[in-house]
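Listed below are the residues making up each chain.
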Amino acid sequence: MIELHNVSKTYSNGTKGLNGINLTIAHGEFVVIVGLSGAGKSTLLRSINRLHDITEGDIRIGSQSITKAKGSQLRRIRRDIGMIFQSFNLVKRTTVLRNVLAGRVGYHSTLRTILGRFPKSDIELAFQALDRVNIVEKAYSRADQLSGGQQQRVAIARVLAQEARVILADEPVASLDPLTTKQVMDDLKKINTELGITTIVNLHFIDLARQYATRIIGLRAGEVVFDGPVSEATDER
Ligand code: ADP
Ligand code: ADP
């Protein structure tokens, strides 16, 4: 499970991003974090895989503290955690396949990945991942020639190739139209159900949260103001 103990994050300019967060997320949950812009959703996700350091508290992934981990231990913990962003974060001028293979980088020496030599088993994993999000036929297209929804599915395939056990998705559908939003959310849900990957998604909209989440966590000013099953979540954000 993922545990946050009394987590606070104050940015260097003095802004409080998170204030005393305590949360336990079990294997296989599909958690949606909701809250207005500035509530701390992004700060929370970035804290969990330590894209930035927290100011206080401890975050544990399974039996290990990511807060205290260093070097190879930190890299090993991070391998379990896949990140999906609003802006897809693909390498635009290279192929979809190469982008998905980037999920394997944490498993090999730096030199091997700089040279771009991935073992055959990685290529197979990459194709399986693309198949799961239904875009195998785009494997050799340039990433920037795909639609927004397709690019986000490539990003999902990348975390699948990574064999992540946890997906953190920071506003993954914020720049997509309603139809594409549904496709991407359906893919995330399918992966959660079929592979048991723990999923934590930041969303602006409570309606979308209600459709997909098993649990909704509401943030306001860096604090948890709601935490419960979907049936209890009201329209208040
Ligand atoms: P959300 O994702 O819910 O929109 P954020 O986590 O981005 O909220 O922001 C939480 C608070 O932290 C806001 O007050 C925001 O302005 C502030 N904040 C976010 N990133 C930074 C940063 N890099 N430096 C300073 N303040 C930040
Ligand atoms: P156990 O569940 O058997 O007590 P741990 O909690 O130590 O074991 O986690 C075992 C593995 O599961 C670790 O590799 C860890 O990274 C991963 N893991 C931990 N928490 C979660 C989670 N919430 N969702 C998915 N995988 C997780």
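Criteria and thresholds
Residues numbered from 1 in each chain as written. Chains lettered and ligands numbered in written order. Predicted model: local features only at pLDDT ≥ 70, side-chain atom pairs only at ≥ 80, totals over all residues. Heavy atoms only, no water. Axes fitted to C-alpha atoms, helices over the stretch in contact; angles between N-to-C directions. Helix = DSSP H or I, 4+ residues; strand = E, 2+ residues; numbered from the N terminus. Parallel < 35°, antiparallel > 145°, perpendicular 65-115°, else oblique. Left-handed = near helix turned anticlockwise from the far one by under 90°. Contact = heavy atoms within 4.5 Å. Salt bridge = Lys/Arg side-chain N within 4 Å of Asp/Glu carboxyl O. Buried < 20%, exposed > 50% of the residue type's maximum accessible area, 1.4 Å probe, protein only. pLDDT = per-residue confidence, 0-100. Near = heavy atom within 4 Å. Polar contact = N/O pair within 3.5 Å; in protein donor to acceptor, adjacent residues only side chain to side chain. Areas by Shrake-Rupley, 256 points an atom, 1.4 Å probe, with all protein chains shown as cover. Nonpolar A, V, L, I, M, F, W, Y, C, P; charged D, E, K, R; others polar.

With an unreviewed UniProt entry as reference, the protein is termed Phosphonate ABC transporter ATP-binding protein, source organism Paenibacillus agri.

Across the interface, helix H5 (residues 120-132) lies against helix H6 (residues 148-161) with an axial gap of 8 Å and an inter-helix angle of 135°. Considered as vectors, H5 and H6 are oriented oblique to each other. For H5 against H6, the interelement crossing comes out right-handed. Taking contact as the criterion, the partners of Leu125, Ala126, Ala129, Leu130 and Arg132 in H5 are, on H6, Ala157, Leu160 and Ala161.

Let's shift gears to the pattern of salt bridges. All told, the structure shown has 14 salt bridges when counted by the stated rule. A salt bridge links Glu171 to Lys41; the shortest N-O distance between them is 4.0 Å. Highlighted residues: Glu171 in the loop between strand S7 (166-170) and helix H7 (178-195) and Lys41 in helix H1 (residues 41-48), separated in sequence by 130 residues. When sorted by exposure, Glu171 lands in the same class as Lys41, which is buried. Notably, a salt bridge pairs Lys182 with Asp186, separated by 2.7 Å at the nearest N-O pair. With Lys182 and Asp186 both in helix H7 and 4 residues apart, this pair spans about one turn of that helix. Its relative accessible area of 45% is what places Lys182 among the partly exposed residues. For Asp186, a relative accessible area of 30% gives the class partly exposed. Several salt bridges converge on common partners, so that one network encompasses Glu29, Arg215 and Asp227.

Glancing now at the confidence of the model for the protein. Chain-level pLDDT for the protein is 94 on average; 98% of the residues reach the 70-or-more range. Both confidence scores are given for the complex: pTM 0.89, ipTM 0.77.

Moving on: the site of ligand 2. Taken together, the residues surrounding ligand 2 are Met1, Ile2, Ile25, Ala26, His27, Ile61, Gly62, Ser63, Asp80, Arg165, Val166 and Thr198. In the model, a nitrogen atom of ligand 2 is placed 2.9 Å from a nitrogen or oxygen of the Met1 main chain. Within the side chain of Asp80, an N or O atom sits 2.7 Å from an oxygen atom of ligand 2. Compared with its free state, where it exposes 550 Å², ligand 2 has 65% of that area covered by protein.

In this section: the site of ligand 1. In the neighbourhood of ligand 1, the contacting residues comprise Tyr11, Asn13, Thr15, Gly17, Leu36, Ser37, Gly38, Ala39, Gly40, Lys41, Ser42 and Thr43. Here an oxygen atom of ligand 1 sits 3.1 Å away from a polar atom, N or O, in the main chain of Ala39. Considered on its own, ligand 1 offers 560 Å² of accessible surface; in the complex 62% of this is hidden by protein. With 3 residues, the top contributor of residues to the shell around ligand 1 is H1. For the shell around ligand 1, a count of residues per class yields 3 nonpolar, 8 polar and 1 charged.

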